[in-house]
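Chain by chain, the residues run as shown.
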Amino acid sequence: MPDFVIPVTLKIFATKKEITDYFNRKPVKVIGFVPTMGALHKGHLGLIELAKQQSTQVVCSIFVNPTQFNDPKDLEKYPRPIADDIRRLEEINCDILFNPQVTEMYDDNEKWHFDMGDLENLLEGKFRPGHYQGVTQVVYKLFNIVKPDVAFFGQKDYQQVLVISKMIEKLHLPVKLVMCPIEREPDGLAMSSRNIHLTPDDRKNSLVLSKTLNWVKENFEPTKIAELQQHAIQTISATPGVELEYFEIADGKTLHPATELSESVVALVAARVGKTRLIDNVLL
Ligand code: AMP
């Protein structure tokens, strides 16, 4: 292995035609794809690093997808620091940025429905109606444009990984899905583009989420699921400034409540900390 890195120039495409023409001119053995909504942090960069190890060229997309927001205010205040994002992508030698406008991705009044069964109405689906329809809609479109061989998604959005995996399976999409571990701040808070909205008080209060997940992990025994869940709910609900939406110890495949027969188990939490909605999870 050489001990130097040859810098690549980041190619930036804003249209489907540009990216399609590029890959037609220059076929690539393994296209790795990291879809994001930007405001890139170490969590995203970890996905890109992993993608670089497993692909010939890496495409990162930055697109704040309107159809997955059920709250227009949330969409409006979503951070969009594109110049910083481009600098970060250049620094880590990402090959291609796909950064389309909304009009490039959607026609007026487009219809979409993907039957993902129960996953649509559980946990995130229950608190964000329509969210996973928007997610599958945009990821399907992005897969069609980028045509990746491998796509990298974060465990941070665990339910999203299950939903995309179901879409790949049901629609027979020729993409391999890789789930990457959660990147955290040194004190445990899961990195998120939304963390910049936390006030100093929110930032302190937010730690109850990762601490409680860790406590559950340390004390986990399949026979104690109900007890652990109850204790976790009490701890988070008792924290000032934190409004719990759900804390669930769930089967890692179905996201139904875990039982002693579950082959994999995951604890998932969502809460509003001040005005910011945060999610986190841990595999048990
Ligand atoms: P987003 O820009 O929030 O839509 O996230 C884009 C991708 O990055 C998704 O696959 C997320 O799961 C992943 N991601 C976000 N935050 C983290 C994190 N802290 N650690 C690992 N992956 C993350």
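Residues numbered from 1 in each chain as written. Predicted model: local features only at pLDDT ≥ 70, side-chain atom pairs only at ≥ 80, totals over all residues. Heavy atoms only, no water.

Turning our attention to the nonpolar core. Core analysis: the biggest nonpolar cluster contains 44 residues, and Ile19, Val59, Phe143 and Leu255 have the highest contact counts within it. Breaking this core down by element, the ones donating at least two residues are helix H1 (16–25), strand E2 (31–36), strand E4 (96–98), helix H7 (131–146), strand E5 (150–154), helix H8 (158–170), strand E7 (242–251) and strand E8 (265–273). The element contributing the most residues to this core is H7, with eight residues. When residues of this core are sorted by domain, at least three fall in each of domain 1 (11–180) and domain 2 (193–283). (Core = buried A, V, L, I, M, F, W, Y, C linked by side-chain atoms within 4.5 Å. Buried < 20%, exposed > 50% of the residue type's maximum accessible area, 1.4 Å probe, protein only. Helix = DSSP H or I, 4+ residues; strand = E, 2+ residues; numbered from the N terminus. Domains from an automatic or database assignment.)

Before going further, it helps to examine the packing of aromatic side chains. Summed over the entire model, instances satisfying the criterion amount to seven aromatic pairs. Between Phe13 and Tyr22, the aromatic rings sit 5.5 Å apart at their centres with planes inclined by 45 degrees, giving tilted as the arrangement. Here Trp112 and Tyr140 contribute two aromatic rings whose centre-to-centre distance is 5.3 Å and whose plane-to-plane angle is 40 degrees, an arrangement assigned as tilted. With Trp112 in the loop between helix H5 (102–105) and helix H6 (124–127) and Tyr140 in helix H7, this residue pair connects regions lying 28 residues apart in the sequence. An aromatic cluster of three or more residues is present, and its members are Phe13, Tyr22 and Phe23. A cation sits over an aromatic face here: Lys170 above Phe114, 5.7 Å from the ring centre. (Phe/Tyr/Trp six-rings, centres within 6.5 Å; stacked < 30°, edge-to-face > 60°. Lys NZ or Arg CZ within 6 Å of the ring centre and 35° of its normal.)

Turning next to the UniProt feature "active site" (unreviewed entry) in the protein chain. Mapped onto this numbering, the UniProt entry annotates "active site" (unreviewed entry) at His44. Within the fold, His44 resides in helix H2 (residues 42–54). Taking relative accessible area as the criterion, His44 reaches 13% and is therefore assigned buried. (UniProt positions renumbered as here; feature names shortened; annotations may be inferred.)

In this section: the environment of Pro66. Within the secondary structure layout, Pro66 lies in the loop between strand E3 (57–62) and helix H3 (72–77). Look at Pro66 and you get partly exposed, because its relative accessible area is 23%. Along the backbone, Pro66 and Glu91 are 25 residues apart, and their C-alpha atoms lie at a distance of 28 Å.

Across the sheet, which stays open at both edges, the three strands sit in the order E7-E8-E9 with antiparallel pairing between neighbours. Every interior strand has two partners, whereas the edge strands, E7 and strand E9 (276–283), have only one. For this sheet, the mean angle separating the axes of adjacent strands, direction not counted, is 15 degrees. Sheet topology note: the E8/E9 ladder contains eight bridges and is antiparallel. Among the inter-strand pairings, Ala270 is bridged to a residue of E9, identified as Ile279. (Pairing = 2+ DSSP bridges. Axes fitted to C-alpha atoms, helices over the stretch in contact; angles between N-to-C directions.)

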